Amino acid sequence: MSELPQIVKITKVQRETGEHHTLFFNFKAEAAPGQFLMVWIPGVDEKPISLSKISKEELAITVQCKGSWSKRVCGFESGTKIGVRGPYGNGFSTEGVKKAIIVAGGCGSAPLMPLVEKCLVEGIETKFILGAQNAKKLLFKKELIEKLGDNLYITTDDGSEGTKGFTTQTLEELLGKEKPDCVYSCGPEIMMKGVLDICQKKKIKSQLSLERYMRCGFGVCGQCVMDDLMVCKDGPVFSGKTLSESAEFGKLTRLKSGKEVSLKEFGDWRQC
Amino acid sequence: MSELPQIVKITKVQRETGEHHTLFFNFKAEAAPGQFLMVWIPGVDEKPISLSKISKEELAITVQCKGSWSKRVCGFESGTKIGVRGPYGNGFSTEGVKKAIIVAGGCGSAPLMPLVEKCLVEGIETKFILGAQNAKKLLFKKELIEKLGDNLYITTDDGSEGTKGFTTQTLEELLGKEKPDCVYSCGPEIMMKGVLDICQKKKIKSQLSLERYMRCGFGVCGQCVMDDLMVCKDGPVFSGKTLSESAEFGKLTRLKSGKEVSLKEFGDWRQC
Amino acid sequence: MLETDFCGLKMKNPTVLASGVMGCNAALLKRVAREGAGAVTMKSIGPKEKEGHKNPTVLEWEHGLINAVGLPTAGYKNAEKEFKELEKCKSPVIASIYGSSIEEFTEVAEGIIGFEPAMIEINISCPNTKREGQIFGTSPEVAAEVVKAVAEVCGKIPIMPKLTPQANNIAAVAAACEQAGANAICAINTLGPGMVIDADARKPVLANKFGGVSGPAIKPIALRCVYQIYEAVSVPILGLGGISNGRDAIEMAMAGATAIGVGSATFYRGIEAFKLISDEMKTWMKEQGVKSIKEIVGAAHD
Amino acid sequence: MLETDFCGLKMKNPTVLASGVMGCNAALLKRVAREGAGAVTMKSIGPKEKEGHKNPTVLEWEHGLINAVGLPTAGYKNAEKEFKELEKCKSPVIASIYGSSIEEFTEVAEGIIGFEPAMIEINISCPNTKREGQIFGTSPEVAAEVVKAVAEVCGKIPIMPKLTPQANNIAAVAAACEQAGANAICAINTLGPGMVIDADARKPVLANKFGGVSGPAIKPIALRCVYQIYEAVSVPILGLGGISNGRDAIEMAMAGATAIGVGSATFYRGIEAFKLISDEMKTWMKEQGVKSIKEIVGAAHD
Ligand SMILES: Cc1cc2nc3c(=O)[nH]c(=O)nc-3n(C[C@H](O)[C@H](O)[C@H](O)COP(=O)(O)OP(=O)(O)OC[C@H]3O[C@@H](n4cnc5c(N)ncnc54)[C@H](O)[C@@H]3O)c2cc1C
Ligand SMILES: Cc1cc2nc3c(=O)[nH]c(=O)nc-3n(C[C@H](O)[C@H](O)[C@H](O)COP(=O)(O)OP(=O)(O)OC[C@H]3O[C@@H](n4cnc5c(N)ncnc54)[C@H](O)[C@@H]3O)c2cc1C
Ligand SMILES: Cc1cc2nc3c(=O)[nH]c(=O)nc-3n(C[C@H](O)[C@H](O)[C@H](O)COP(=O)(O)O)c2cc1C
Ligand SMILES: Cc1cc2nc3c(=O)[nH]c(=O)nc-3n(C[C@H](O)[C@H](O)[C@H](O)COP(=O)(O)O)c2cc1C
Ligand code: FES
Ligand code: FES
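Rules used in this analysis
- Residues numbered from 1 in each chain as written.
- Chains lettered and ligands numbered in written order.
- Predicted model: local features only at pLDDT ≥ 70, side-chain atom pairs only at ≥ 80, totals over all residues.
- Heavy atoms only, no water.
- Near = heavy atom within 4 Å.
- Polar contact = N/O pair within 3.5 Å; in protein donor to acceptor, adjacent residues only side chain to side chain.
- Areas by Shrake-Rupley, 256 points an atom, 1.4 Å probe, with all protein chains shown as cover.
- Least-squares fit on C-alpha atoms with pLDDT ≥ 70 in both.
- Contact = heavy atoms within 4.5 Å.
- Buried area = accessible area lost by both parts, 1.4 Å probe.
- Salt bridge = Lys/Arg side-chain N within 4 Å of Asp/Glu carboxyl O.
- Pairing = 2+ DSSP bridges.
- Helix = DSSP H or I, 4+ residues; strand = E, 2+ residues; numbered from the N terminus.
- Axes fitted to C-alpha atoms, helices over the stretch in contact; angles between N-to-C directions.
- Phe/Tyr/Trp six-rings, centres within 6.5 Å; stacked < 30°, edge-to-face > 60°.
- Buried < 20%, exposed > 50% of the residue type's maximum accessible area, 1.4 Å probe, protein only.
- Lys NZ or Arg CZ within 6 Å of the ring centre and 35° of its normal.
- Core = buried A, V, L, I, M, F, W, Y, C linked by side-chain atoms within 4.5 Å.

1. Some words on the site of ligand 2
Residue and element names in this part refer to chain B.
Consideration 1: Residues in close proximity to ligand 2 total 21 residues, the closest being Pro 48, Thr 62, Gln 64, Trp 69 and Ser 70.
Consideration 2: Between ligand 2 and Gln 64 there is a distance of 2.9 Å, counted from an oxygen atom to a backbone nitrogen or oxygen.
Consideration 3: The backbone of Trp 69 places a nitrogen or oxygen atom 3.2 Å from an oxygen atom of ligand 2.
Consideration 4: Contact with the protein chains hides 85% of the accessible area of ligand 2, taken as 850 Å² for the molecule alone.

2. Thoughts on the relation of the copies chain D and chain C
Consideration 1: You can overlay chain D on chain C at an RMSD of 0.0 Å; the transform is a turn of 180° with a shift of 0.0 Å along its axis. What the rotation and shift describe, once combined, is the action of a two-fold rotation axis. Identified as the residue of chain D closest to the rotation axis by C-alpha distance is D:Ala217, at 2.4 Å.
Consideration 2: Here 100% of the interface residues in chain D have copies in chain C that are interface residues too; the copies meet face to matching face.

3. Comments concerning the interface of chain D and chain C
Consideration 1: Facing the 43 residues of chain D at the interface are 43 residues of chain C.
Consideration 2: Between chain D and chain C, roughly 3800 Å² of surface is buried when both sides are summed, and carbon and sulfur atoms account for 58% of that area.
Consideration 3: One can count 6 salt bridges joining chain D with chain C.
Consideration 4: Taking the shortest distance from any N to any O, the salt bridge between D:Arg247 and C:Asp200 comes out at 3.1 Å.
Consideration 5: Linking chain D with chain C are 19 residue pairs in polar contact (both at pLDDT 80 or more).

4. A word on the sheet that holds strand S9 (residues 152-156) of chain B
Residue and element names in this part refer to chain B.
Consideration 1: One open sheet accounts for 7 strands, arranged S10-S9-S8-S7-S11-S12-S15; its pairing is mixed. With one partner strand each, in any of the chains shown, strand S10 (163-164) and strand S15 (237-239) form the two edges of the open sheet.
Consideration 2: Relative to strand S11 (residues 182-186), strand S7 (residues 99-105) is paired through 5 bridges, and the arrangement is parallel. Bridge pairing in S11 links Ala 104 to Cys 186.
Consideration 3: Of the strands in this sheet, S7, strand S8 (125-132) and S11 are in contact with helix H2 (residues 109-121), which crosses S7 at around 160°.
Consideration 4: Against the sheet, helix H4 (residues 167-177) engages S7, S8, S9, S10 and S11, with an angle of about 155° to S8.

5. Thoughts on the site of ligand 1
Residues and elements named next belong to chain A.
Consideration 1: Inspection of the region around ligand 1 gives 22 residues, with Pro 48, Thr 62, Gln 64, Trp 69 and Ser 70 positioned closest.
Consideration 2: Between ligand 1 and Gly 67 there is a distance of 3.0 Å, counted from an oxygen atom to a backbone nitrogen or oxygen.
Consideration 3: A distance of 3.5 Å separates an oxygen atom of ligand 1 from a polar backbone atom of Ser 68.
Consideration 4: In the complex, the protein chains occlude 85% of the 860 Å² of accessible area that ligand 1 would expose alone.
Consideration 5: Every element with two or more residues in the shell around ligand 1 is listed here: strand S4 (45-54), strand S5 (59-64) and helix H1 (68-73).
Consideration 6: Sorting elements by how many residues they give to the shell around ligand 1 places S4 first, with 4 residues.

6. Some thoughts on the packing of aromatic side chains
Consideration 1: Overall, the coordinates contain 16 aromatic pairs over all chains when judged by the stated rule.
Consideration 2: Ring geometry for A:Phe218 versus D:Phe267: centroids 4.6 Å apart, planes at 65°, classification edge-to-face. On the criterion of chain membership, the pair formed by A:Phe218 in the loop between strand S12 (206-209) and strand S13 (225-226) and D:Phe267 in helix H9 (residues 265-269) is interchain, its members lying in two chains. Here A:Phe218 matches D:Phe267 in class, with each residue buried.
Consideration 3: Relative to C:Tyr268, the ring of C:Phe267 lies with its centre 4.8 Å away and its plane at 90°, an arrangement referred to as edge-to-face.
Consideration 4: Relative accessible area serves as the criterion here: at 17%, C:Phe267 is assigned to the buried category.
Consideration 5: Joined through ring pairs, the aromatic side chains of A:Phe36, A:Tyr88, A:Phe218, D:Phe267 and D:Tyr268 make up one cluster.
Consideration 6: The cationic tip of A:Lys12 hangs over the ring face of A:Phe24; the distance from NZ or CZ to the ring centre is 4.3 Å.

7. What about the nonpolar core?
Consideration 1: If you look at the biggest cluster of nonpolar residues, it comprises 285 residues, and the most contacted ones within it are B:Leu171, C:Leu163 and D:Leu163.
Consideration 2: Not counting residues up to four positions away in its chain, the partners in contact with B:Leu171 are B:Ile101, B:Val103, B:Ile129, B:Val183, B:Val195, B:Ile198 and B:Cys199.

What follows is the structure, encoded as structure tokens:
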């Protein structure tokens, strides 16, 4: 079988927040939490998108309306056809984990939702810190409350819901009281850098899901490189240990041209 | 896997008659009696050759020294490397057969030896008519005596051994006394035409193994065509019924160019 | 839903047996037609009898076939019997001709027009012979010259040059051919040449060393060629190269082919390939609500 | 037994990472060298920063890859850091350059010679850009012009034009390049271009529609090209195209390649491809009693 995109029909569109839409579709694939698909809008563009829901019957992705590609996606109705290939990447590991804290910034919740599912199935004690700029942008809040109840910690930058401040502050507080086997995180790289620093200081293992501009998605073109790692294939999930040794994590990324730029310069594009 | 020739080492060379050599080699393949290999001498030529011995451990082919290709083959010692691909073709069927008569002319014995083996294993009552120009050219005589004893009937054109005359005469005699379920034959096409005519007259089923010039061996190039049949794939074994309806069997063949010629004109090249 | 009119040839489906594949004699061509081919192409006929190359001449190498048969031909003078027998063929019969000079092309064309084939394919693209074909098909000017000369001879019988993917600008070659009087364009002939080497034998495997590549491996090249030709000409296209299943055929139609050639797939799927491909096309069309194959010809263009 | 001297480059084995594959930054190139590549080629560097095409840009289609990345490049002016970091690379580093005019080629060459790469590959063969490359590599005259101009700039750094299989006479192109001062020949770049169409989407899949074909499907074409080049030049050849395992590499050596490029195989076998291929070569050589890979370079020639 080839790795060409397969055209699937969107079976359902769910509006999560004003700017996040979840698209459901049938696509037979073995997938793990943290893996992503390359999602093709024929004639437009193709982007890597994390799986936000994994079940035998269907998969789902959650897209934030942002640029030219994602705005189009957010206009899709059920019945629209898209091309998907994958899943690609390594995904999160829960091996040996009994107690976990998950930290999501903005649409970072997307790849973390199937992880929550997995943690619950495996009986892992799970706390979830969900952060966003304001109450309106809290992604998957309702689902997370249903699933985790008191174990969900909400933070907003403006204090419009939950604790005012950053997810990292809440993480630091929690880690003052307890010692999970692993901290999982996805969100703006600056936030994840904070998560990593805290975990390193406390000597707690972590797994962080990264993003870089991608082309092939399967480890050939080298576009998504970070140090000597290909984010699409060696990642997108990396251990805190790997990232703590990285010369680029939290600092540098690459433009489409391959030119190195500082994360700042690149813009906090995933600061959603 | 591809159908490219595989290089095998000849493990043993057995001189059968002055002009027939059997080459043994190891080549893993499921093969049936009547099937053939395309045998490549690197840098020289490639020819279709029937399997004259089929076992789990090894295969063998028996070649008559004749033209430029086969004379080279007959010079090979054990250790020589040849390329083989296949097996190709349909092979003989013994389905429903309890009693068989096998008619071999010249080196037509080659594909018929594995058939004898199969008949014995399956408990088929088997008679074998072995014909050649003279005593010296009787191929596989010793083996056939060992295997079949009194059920081997020998004919030579010059009477130097066995009955003087053609295999067809002996066949006609035998069919006057008994009614086999199938007559199998391989040898010069003129002989096989005789076999077919006798069988048709007596309403006895037959299976005959044919030859035409071949290129691909797998039913693509169309070179080996006889009527609308490709000898390499639809054959080389055909039922008497099919051949009795043929406009070309026993009459026409084709040169390398594809030009139709009468069998006579073509020369009795397999009249070995 | 698959009925196709290709240059006046009425075909029950768009599949066409490719030249040189099983096309040596009338009886087998008729069988291929019975087995489901919408039209059949005869093996290319040359000016005089020719043996072709020594074996190995045709190989399968996992991703396709490679062949250097060397254009064996009985020659047009020995073709009468086959043509006569083909009159009873269930599907239209396309004759294919080659030569090593413009004179030879017209000589062969003249030699066979009396037999009134439904169409004449001009093979200006075989990579197996040093002069025959190759030169003609890579240059728009030379290709056009051949087409013009053959057109003059052929009268009302439609002619269709068969192009090579080795041309640096196949669209320009096609356009030049159309200008010169081609009624259809056939693309592509085999790719390359290529070469298969056996490590253990330390030798090229084909007796001719080099051979034309066909089958699954060449599909992307064939699609690109047909796509480009479609934008350059208005005559219909017989697209082929690596078409193995119904989906491939649909893609080829979308690239711009009205008729779809099938050659190497007969290795992978047997003589039933034509029927299988047609059935698979129908299944896809039903799923997608496509009523006639005509609807999707060229659909991949904006 | 695999030690190779390629134009003065001392390689522990003949495998070379092909340009454009994982070659975007120094760290990853160094990893590929650690993982077993005898030499590594950087992604082609162009005259100025360029984004490349939109996605999809790289696809796998069952018999190979197809890509239209569009030669993204940070430009030679942004290359210093990578070159500096590459000084510590375990294997020789080949720089690759492209331009859309002879002036651009020399500009880029001049821009990077200061970093003293072990060798400079001149990409005159990329099928993805309309002017960049394609034209240069198909004509012996133009190819020679580029090589001559770059040679003048490069001084003692060996230069190696990378040829396209689309050339009608690749041996002539290679010979012209040797004449013009090439120290080695690299062949082949991707084949085509080709095209992938999605039936259900009714669209070409690559954003650029057309892309260069690589991987298993192109091996016979690559072997033929290298075989023909070997008979036309006396400088060493870096042969690549569809090499996926040790046996492929042996065949490529027999066709005439001293060094053996590996690109798409990293998809099929991972970054370990270099080590796997080297090990498989050794196994075959032991079986066949071949002491040094040098013994078999060109062995398929009479
Ligand atoms: C492994 C992975 C998983 C992802 N998962 C999700 C997800 O679940 N949901 C989601 O909404 N998005 C996800 N993304 C991001 C997604 O691929 C797109 O980048 C995003 O949808 C913006 O695309 P756009 O064309 O709409 O915006 P654009 O107009 O292209 O860009 C908006 C901003 O994003 C930057 N950008 C664009 N494309 C990329 C890219 N591929 N990588 C890095 N930066 C880029 C631009 O530089 C710009 O600053 C993921 C990315 C990766 C690498
Ligand atoms: C299915 C099949 C099974 C065969 N099995 C055997 C076998 O077990 N043992 C064996 O010795 N031979 C067998 N042959 C014949 C074999 O393929 C060669 O034809 C034979 O070895 C003579 O080749 P040559 O080059 O030595 O002679 P050449 O010099 O080529 O020819 C001698 C004569 O044979 C004719 N001839 C050559 N090649 C062929 C061909 N492929 N088909 C028909 N006529 C040909 C020539 O026209 C000439 O009259 C078989 C052929 C077929 C088609
Ligand atoms: C064994 C073989 C013989 C061929 N002979 C001819 C020929 O005589 N004339 C011709 O125009 N094309 C010939 N071709 C090319 C095919 O007609 C066709 O163009 C090519 O194989 C690509 O199609 P495919 O991939 O479906 O096989 C031959 C191909 C094969 C495999
Ligand atoms: C994704 C991708 C990107 C490539 N980019 C370049 C490039 O920038 N410069 C170049 O000379 N060749 C480039 N190539 C061509 C390869 O270097 C190589 O010549 C070709 O892929 C054939 O080798 P393979 O079959 O081993 O992949 C690229 C190939 C691929 C698959
Ligand atoms: S996107 Fe191509 S290597 Fe990661
Ligand atoms: S030898 Fe090619 S079809 Fe029989």
